[in-house]
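Results of the structural survey
The primary structure of each chain is shown beneath.
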Amino acid sequence: MLRNHAPSDQRLADQAYSRIVEIILGGLNVGDRLPSESRLAESFGMSRTVVREALVRLAADGITEARRGAGSYVMRRPSLRLGAHMAFDELSATLGTYEVRFALESDAARLAARRRSPEQLAEIESAMADLRKALLSSDPAHDEDWRLHRAIFRATSNPAFEKAFEHLHEETMRIMRAGVDIARLREAEPIAAMVREHATIVEAIRAQDADGAALAMRWHLSEGRKRLMP
């Protein structure tokens, strides 16, 4: 059964999410146990239902893990560099777009592999070349990243897919900017991985391997979310 929350409850859950992230960044390490649900609720002045909703979202985003009878534990710590791209009170909504993108972009890649025309494939390959060049230089690369993903949506030959993707533009661009920025602070491998992941998607679309394209897209998005963590 679907639960309906009042808008105020949703906003409170966003606030609880952000405050739990602040607790994690304030001194908890991977593997540490979070305060209990009841203790968090008391500390925040919120209901346990609201805190539970926040914990469910944190688990879905791969930041925490709920263990039956033992509470919630830290699985990943968001990078402090995320704060340069979004306020932490926006983190829940922004990372939440990954759940939508997993479904939307995987199916878009699948359809693009089946339906792409020679002209659409040429657009995808051109966008991939631009993204590769940007990633391997000091350029920001988020615009090139967006254009490649949008070209894949166009290759579905279903305008509704591209419209749905455009609706996620603001949150997706925040993530793309942050992902490249955070990756460049580390060794060269994360950037090389980003190039490989995109190239694998493009290759599957070129080969008209629908299942391979969908899997490659889902893997890329999963790895991208992980790169937002140290």
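Quick notes on the rules
Residues numbered from 1 in each chain as written. Predicted model: local features only at pLDDT ≥ 70, side-chain atom pairs only at ≥ 80, totals over all residues. Heavy atoms only, no water. Axes fitted to C-alpha atoms, helices over the stretch in contact; angles between N-to-C directions. Helix = DSSP H or I, 4+ residues; strand = E, 2+ residues; numbered from the N terminus. Parallel < 35°, antiparallel > 145°, perpendicular 65-115°, else oblique. Left-handed = near helix turned anticlockwise from the far one by under 90°. Contact = heavy atoms within 4.5 Å. Nonpolar A, V, L, I, M, F, W, Y, C, P; charged D, E, K, R; others polar. Core = buried A, V, L, I, M, F, W, Y, C linked by side-chain atoms within 4.5 Å. Buried < 20%, exposed > 50% of the residue type's maximum accessible area, 1.4 Å probe, protein only. Domains from an automatic or database assignment. Pairing = 2+ DSSP bridges. Buried area = accessible area lost by both parts, 1.4 Å probe. Salt bridge = Lys/Arg side-chain N within 4 Å of Asp/Glu carboxyl O. Polar contact = N/O pair within 3.5 Å; in protein donor to acceptor, adjacent residues only side chain to side chain. Expected span 1.5 Å × (residues − 1).

Things to note about the packing of helix α2 (residues 37-44) against helix α3 (residues 48-60)
The contact between α2 and α3 brings their axes to 9 Å, and the two run at 115 degrees. Between α2 and α3, the interaxial angle falls into the category roughly perpendicular. Seen from above, α2 lies across α3 with right-handed handedness. Facing α2, whose interface residues are Glu37, Ser38, Leu40, Ala41 and Phe44, α3 presents Arg48, Val51, Arg52 and Leu55. Classifying every residue of the contact of α2 with α3 gives five nonpolar, one polar and three charged.

Regarding the nonpolar core
A general tendency of soluble globular proteins is for nonpolar side chains to be buried together. Counting residues in each nonpolar core, the largest one holds 61 residues, and the members touching the most others are Ile20, Ile152 and Ile205. Both of domain 1 (7-77) and domain 2 (84-227) provide at least three residues apiece to this core. Apart from the residues lying within four places of it in its own chain, the contact partners of Ile205 are Ala109, Ala112, Ala113, Arg116, Leu121, Ile124, Ile152 and Ala213. Membership of the second largest hydrophobic core comes to ten residues, among which are Leu111, Phe165, Leu168 and Met173.

Observations concerning the pairing of strand β2 (residues 71-74)
Pairing of strand β1 (residues 64-67) with β2, which is carried by four bridges, proceeds in the antiparallel orientation. Of the residues in β2, the one forming a bridge with Glu65 is Tyr73. Hairpin connection from β1 to β2: three residues lie between these consecutive antiparallel strands, with Gly69 at a positive phi of about 75 degrees.

Quick word on the domain arrangement of the protein chain
Domain annotation for the protein chain reports domain 1 (7-77) and domain 2 (84-227). Look at where the C-alpha atoms of domain 1 and domain 2 centre, and you get two points 29 Å apart. Each side of the interface is counted separately: domain 1 has ten residues, and domain 2 has nine residues. Both sides together, the interface formed by domain 1 and domain 2 hides about 830 Å², and carbon and sulfur atoms give 56% of it. For the pair domain 1 and domain 2, the interface holds one salt bridge. Asp61 is the partner of Arg225 in a salt bridge, and the nearest nitrogen-oxygen pair spans 4.0 Å. Between the two partners, domain 1 and domain 2, sit three residue pairs in polar contact (both at pLDDT 80 or more). For the side of domain 1 that touches domain 2, the element with the highest residue contribution is helix α1 (residues 7-25), accounting for five residues. When grouped by side-chain class, the residues that make up the side of domain 1 that touches domain 2 number five nonpolar, one polar and four charged.

Notes on helix α6 (residues 142-154)
The terminal C-alpha atoms of α6 lie 18 Å apart, and with 13 residues this matches the ideal 18 Å at 1.5 Å per residue to within 8%. Residues of α6 that are buried include every one of His142, Glu144, Asp145, Trp146, Leu148, His149, Arg150, Ala151, Ile152 and Phe153, and no others. In this fold, the buried residues of α6 make contact with α4 (91-115), α5 (118-135), α7 (159-167), α8 (169-184), α9 (189-206) and α10 (210-227).

A word on the pattern of salt bridges
Any two side chains of opposite charge can pair, on the condition that their charged atoms come close. Taken as a whole and assessed by the stated rule, the structure comprises 20 salt bridges. Between Arg174 and Glu90 there is a salt bridge, and its shortest N-O distance comes to 3.5 Å. In this pair, Arg174 is assigned in helix α8 and Glu90 in the loop between β2 and α4, connecting sequence segments 84 residues apart. Residue Arg174 is classed as buried on the basis of its relative accessible area, which comes to 16%. Here Glu90 falls in the partly exposed class, since its relative accessible area comes to 29%. Note that Glu223 and Lys226 form a salt bridge whose closest N and O atoms lie 3.2 Å from each other. Placement of the pair is Glu223 and Lys226 together in helix α10, with a separation of three residues, close to one helical turn. We classify Glu223 as buried; its relative accessible area is 17%. One continuous salt-bridge network, built from bridges that share partners, spans Asp14, Glu53 and Arg57.

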